[in-house]
Amino acid sequence: MGKKKITIAAGANPFDKSKSAAENMFAPQAPTNTDNVDTVGYVGYVEQQKQHIQQSDTNNTEKVPARKEPRQFPGKQHIHLILPDSQANMIKQLAKMSGISVNQFMSQSIDQLYEEHWKPVVEALEQNRHKLGLDKKTDKSLFT
C-alpha cells in the first residue's frame, strides 16, 4: 500500500476562521493526475453522488405539492372515538365476522340502538318542544 496524499484546495487556508472546519475540509479540490486509480475513481464517485443529490433536491422541490387536503365525504362526518382495547377488538372482530367494515358495522349498530331505544324518547321530546312553541333550529321561543 502506498502513502495517501492529502491535498488542500488551491487558495484554501486551513487556519481560516471565516469558514467552518467542514467547509475547509470539503472545499472543492482541483483534479489531480495520479497513478493511483482507486483515488481517481473515488473522487469521480463522490462527484457523481453530489450531482445525484443535487438533481434529487431539485426534483423534490419541483414535485412537492401543497399541503394535502383531507378527504371529503359529502353528507358524512368524521367522529373520533376512543375505546378501551377490549371494546375496540370486539368491534373489529364482530365486523370481520359480519363481513363488513368497522365503519359500516358501527353505523348499523347505532341505527339499531336508535330505533330500539332512543327513537321514542326523541319523538316525545320533539312533541314537547312543539307544544311549548320552541323552534328546532334556534332553540328559542317563537313568542319572544
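Read on for a plain summary of the structure. Fair warning: this is a prediction, and the values are worked out from it, not measured in the lab.

Some details on the overall build of the chain
In terms of regular secondary structure, the chain is built from four helices and zero strands. What you see in the chain, going N to C, is helices and strands ordered as α-α-α-α. Split into buried and exposed, the 144 residues of the chain put 5% on the buried side. Residue pairs in contact within the chain that sit at least 24 positions apart in sequence constitute 3% of those at least 6 positions apart. Carbon and sulfur atoms make up 57% of the accessible area of the chain, which totals about 14,400 Å².

So, the environment of lysine 92
Its place among the elements puts lysine 92 in helix α3 (residues 85–98). Given the relative accessible area of 52%, lysine 92 is considered exposed. Taking the C-alpha atoms as reference points, lysine 92 and methionine 106, 14 residues apart in sequence, are found 9.8 Å from one another.

A closer look at the pattern of salt bridges
All told, the structure shown has one salt bridge when counted by the stated rule. A salt bridge links lysine 119 to glutamate 115; its shortest N-O distance comes to 3.7 Å. In this pair, lysine 119 and glutamate 115 both sit in helix α4 (residues 102–132), four residues apart, roughly one turn of the helix. A relative accessible area of 31% places lysine 119 in the partly exposed class.

Quick notes on the rules
Residues numbered from 1 in each chain as written. Predicted model: local features only at pLDDT ≥ 70, side-chain atom pairs only at ≥ 80, totals over all residues. Heavy atoms only, no water. Helix = DSSP H or I, 4+ residues; strand = E, 2+ residues; numbered from the N terminus. Buried < 20%, exposed > 50% of the residue type's maximum accessible area, 1.4 Å probe, protein only. Contact = heavy atoms within 4.5 Å. Areas by Shrake-Rupley, 256 points an atom, 1.4 Å probe, with all protein chains shown as cover. Salt bridge = Lys/Arg side-chain N within 4 Å of Asp/Glu carboxyl O.

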